[in-house]
Number of protein chains: 2
Amino acid sequence: MSDITKVALDAMGGDNAPYEIVKGAVDAVNATKDIQILLTGKEEILEETLSKFEYPKEKIQIVNATEVIETAEPPVMAIRRKKDSSISVAMNLVKKGEADAFISAGSSGAVLVGGQVLVGRIKGVERPPLAPLIPTAKGVSLLIDCGANVDARPSHLVQFAKMGSVYMEHVIGKKNPTVGIVNIGAEEEKGNALVKETFPLLKACKDINFIGSIEAREIPAGVVDVVVCEAFVGNVILKLYEGVGSTLIKKIKSGLMTSFRSKLGALLVKPTLKATLKDFDATEYGGAPLLGLNGLVVKTHGNATAKEVYNSILQCRTFKEQRINEKIRDILSAKEQETKE
Amino acid sequence: MSDITKVALDAMGGDNAPYEIVKGAVDAVNATKDIQILLTGKEEILEETLSKFEYPKEKIQIVNATEVIETAEPPVMAIRRKKDSSISVAMNLVKKGEADAFISAGSSGAVLVGGQVLVGRIKGVERPPLAPLIPTAKGVSLLIDCGANVDARPSHLVQFAKMGSVYMEHVIGKKNPTVGIVNIGAEEEKGNALVKETFPLLKACKDINFIGSIEAREIPAGVVDVVVCEAFVGNVILKLYEGVGSTLIKKIKSGLMTSFRSKLGALLVKPTLKATLKDFDATEYGGAPLLGLNGLVVKTHGNATAKEVYNSILQCRTFKEQRINEKIRDILSAKEQETKE
């Protein structure tokens, strides 16, 4: 395995493309020695954008892609038809082994579909979960799955728990991470059919640190490191996190503008308040990996700035260095052995 | 129909029972002319608590109940065995027509089970949903269902939408309330099996103001008045609302204590901050009705204080005055006629 991490980066996806994406790439190669970027997108546009920056030229290469998949396009159709899109071209680089990882701030649907169709699943992985990091009172937790796998089966959730544990331990550096399943009460007999079936399977897993059910209320407190749920619930959690946070912050800000006294106070608390809110902003923690694929696929926020792109690129390096996919292969096949015993 | 609203109030349930519950009852009869309370619980304890207050004696009556259902007890068993519990006795008052409504801050499970078993469903109601009001940027929305009906069917969600619309319009006073179904994207083809099946049914309803799918992110902004979802998702939304809010507030508060400047500012912004957070606190809005029963059943928060109990009692009066159950009967049978056409 080469010591260089090669990242195929969709330079056309997201609200701030191409400038912020390209800047993230430039920052990453300027800050490290062992990262190379393959920027996919329209050559002339990317050349012009790159010309604005100073960086070691050999570390960033443009791979021309003439098409762009729009966020509103139906993803299956888009991946099938736009073979020369910046997403498809970048994913094919991973498939052919010319890149280790893929990053995009573009269409989530296209990334999820392309990940499965173009990059392909690791043998034994039933469904690749999308697993963003979410801020908590204690740091971050991994929310797995927030992807397209709605109506998942219990065996999928067990794989999510295992893959999530590997990621949290070896990429985020949380030793022996705790795992909880999202439920409507702490008791084992509570839950819907999926959770009731999954619970004993997780309890029987010897290779994860399963601590039982957790209520959604406990997630922001950081009660577990790996939060397991099916994609519909995961999506609701992720979106509501953003929604409650931003509404509450708006209410606080407008509240502070209501009197002279509070306006004066607001001036004094502004820097601290800003730092606190930044700390609780999911975009600070880099993109969400789509786990269980032959190569790493990372989806960053649609409004990703250079900083998130930079953080995501560094995540890809750790992912490669820690041989995460080999560890996922091991933990999933370990399960099969247990079952056979 | 009598002009007096009679409320059977479980005086033994909740963290602050019996004092805060009794105080809520006293406040309600002191503030109104047309409310009577039937307090259920241990006679000697309630007599002693009541003796601390001034109020028109004929408006509050103690109905002795020798048992208490604990929160941790399995609800089905508890309702079956503890026939002389404060919950069972109060619910039977509603069943026998001696009270119009029931309120408890006790075991949610026992209230949900007792509501169905003791009070009974309105003819035509498939599942009675628990429907709390949640704070939003615009005021409040009704989240329906947060109850025990996990693994609901599309027809249940359609009934939830209709019952929720009646409640929002006639109890909360929101004219022609908008209805949205919680989904993982705004497009009609998105969602899990349940949402995909329910969407066209809601779209076909002529008697509700259905505006389509909403993402969880949009709920706190107050994008719709009636938020329809099945109980597992509803529970996650309700609990995460509390969780994100309280974690964020703790982070802000501890952030404000980090420097002299911010400490000084904190003193100035404290009253405003407190008012804003109170505004966003679900317990300010009274209890959650369990809709579709023969009589109103209201579950308040376990930590309900006199104010929430008071608000819930006043909700019961509006519920009776507005003949909500008759309106629910009408809207549900209207559906049957449509189907028959």
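That block above? That's the structure.
Residues numbered from 1 in each chain as written. Chains lettered and ligands numbered in written order. Predicted model: local features only at pLDDT ≥ 70, side-chain atom pairs only at ≥ 80, totals over all residues. Heavy atoms only, no water.

### Digging into the overall build of chain A
Then, in step 1: If you tally the helices and strands in chain A, you get 11 helices and 11 strands.
Then, in step 2: Its C-alpha atoms give chain A a radius of gyration of 21 Å, near enough to 20 Å, the size a compact globule of 341 residues would have.
Then, in step 3: Taken along its principal axes, the extent of the C-alpha atoms in chain A is 70 × 60 × 35 Å.
Then, in step 4: The buried share of chain A, taken over its 341 residues, is 57%.
Then, in step 5: Counting only contacts in chain A whose residues sit at least 6 apart along the sequence, the fraction spanning at least 24 positions is 71%. (Helix = DSSP H or I, 4+ residues; strand = E, 2+ residues; numbered from the N terminus. Rg over C-alpha atoms; globule rule 2.2 N^0.38 Å. Buried < 20%, exposed > 50% of the residue type's maximum accessible area, 1.4 Å probe, protein only. Contact = heavy atoms within 4.5 Å.)

### Topic: the packing of aromatic side chains
Residues and elements named next belong to chain B.
Then, in step 1: Overall, the coordinates contain six aromatic pairs over all chains when judged by the stated rule.
Then, in step 2: Geometrically, the ring pair formed by Y19 and F53 is tilted, given 5.4 Å between the ring centres and 40° between the ring planes. Of the two residues, Y19 sits in helix α1 (residues 19–31) while F53 sits in the loop between α2 (43–50) and β3 (60–64), which places them 34 residues apart along the sequence.
Then, in step 3: F53 gets classed as buried once you look at its relative accessible area, which sits at 11%.
Then, in step 4: When the centroid spacing of 6.1 Å and the interplanar angle of 45° are considered together, the rings of Y167 and F319 count as tilted. (Phe/Tyr/Trp six-rings, centres within 6.5 Å; stacked < 30°, edge-to-face > 60°.)

### Structural notes on the pairing of strand β3 (residues 60–64) of chain A
Residues and elements named next belong to chain A.
Then, in step 1: Taken together, the five bridges between strand β2 (residues 35–41) and β3 define a ladder with parallel strand orientation. By the bridge assignment, T40 is partnered in β3 with V63.
Then, in step 2: Remark: the β2/helix α2 (residues 43–50)/β3 crossover connection has right-handed handedness. (Pairing = 2+ DSSP bridges. Right-handed = clockwise from strand over helix to strand, strands pointing away.)

### Focus: the side chain of B:E230
All names here are of chain B.
Then, in step 1: Its location among the elements puts E230 in the loop between β9 (226–228) and α8 (231–256).
Then, in step 2: Salt bridges are absent for the buried E230, whose nearest opposite-charge side chain, R127, sits at 7.5 Å.
Then, in step 3: Not counting chain neighbours up to four residues away, the residues in contact with E230 comprise D145, N149, V150, D151, A152, L157 and L194. (Lys, Arg positive; Asp, Glu negative; His and termini not counted. Salt bridge = Lys/Arg side-chain N within 4 Å of Asp/Glu carboxyl O.)

### Some words on helix α9 (residues 260–279) of chain B
Then, in step 1: An ideal rise of 1.5 Å per residue puts 28 Å on 20 residues; α9(B) measures up with 28 Å between its terminal C-alpha atoms.
Then, in step 2: Among the residues making up α9(B), those that are buried are B:S262, B:G265, B:A266, B:V269, B:T272, B:L273, B:T276 and B:L277.
Then, in step 3: Against α8 (231–256) and α9 (260–279) of chain A together with α8 of chain B lie the buried residues of α9(B). (Expected span 1.5 Å × (residues − 1).)

### Considering the relation of the copies chain B and chain A
Applying a rotation about an axis and a shift along it to one chain copy brings it onto the other copy.
Then, in step 1: When chain B is fitted to chain A, the best match, at an RMSD of 0.1 Å, comes from turning it 180° and sliding it 0.0 Å along the axis. Interpreted geometrically, this transformation is the action of a two-fold axis. Among all residues of chain B, the minimum C-alpha distance to the rotation axis is found for B:G265, at 2.1 Å.
Then, in step 2: Both copies contact each other with a shared surface, as 100% of the interface residues of chain B are interface residues in chain A too. (Least-squares fit on C-alpha atoms with pLDDT ≥ 70 in both.)

### Quick look at the sheet that holds strand β9 (residues 226–228) of chain A
Sheets are built from strands paired through backbone hydrogen bonds, the pairs being either parallel or antiparallel.
Residue and element names in this part refer to chain A.
Then, in step 1: The strand order across the open sheet formed by five strands is β5-β6-β9-β7-β8, and the pairing between neighbours is mixed. On the outer flanks of this sheet lie β5 (133–136) and β8 (209–215), each paired with one strand and no other. For this sheet, the mean angle separating the axes of adjacent strands, direction not counted, is 30°.
Then, in step 2: Of the pairings in the sheet, the one linking β5 to strand β6 (residues 139–144) comprises four bridges and is antiparallel in character. Each bridged residue has a counterpart across the sheet, and for T136 the counterpart in β6 is G139.
Then, in step 3: Helix-sheet contacts for helix α6 (residues 154–170) involve β5, β6, β7 (178–183) and β9, and the interaxial angle to β6 is about 150°. (Axes fitted to C-alpha atoms, helices over the stretch in contact; angles between N-to-C directions.)

### Things to note about the packing of α1(B) against helix α10 (residues 306–321) of chain B
Residue and element names in this part refer to chain B.
Then, in step 1: Direction vectors running N to C along α1 and α10 enclose 45°, while the axes themselves pass 7 Å from each other. In terms of orientation, α1 and α10 fall into the oblique class. The crossing of α1 and α10 is right-handed. Between α1, through E20, I21, K23, G24, A25, D27, A28 and A31, and α10, the contact on the second element is made entirely by A306, V309, Y310, I313 and L314. (Parallel < 35°, antiparallel > 145°, perpendicular 65-115°, else oblique. Left-handed = near helix turned anticlockwise from the far one by under 90°.)

### Focus: the sheet that holds strand β8 (residues 209–215) of chain B
Residue and element names in this part refer to chain B.
Then, in step 1: Spatially, the five strands line up as an open sheet ordered β5-β6-β9-β7-β8, and their pairing is mixed. The two strands at the open ends of the sheet, each matched to only one other strand, are β5 (133–136) and β8. Strand-to-strand twist across the sheet, computed as the mean angle between neighbouring axes with direction ignored, equals 30°.
Then, in step 2: Relative to the sheet, helix α7 (residues 193–204) contacts β7 (178–183) and β8, its axis offset from that of β7 by approximately 165°.

### Looking at the side chain of B:K239
Then, in step 1: Relative to the helices and strands, B:K239 is located in helix α8.
Then, in step 2: Judged by relative accessible area, B:K239 falls into the buried class, the value being 11%.

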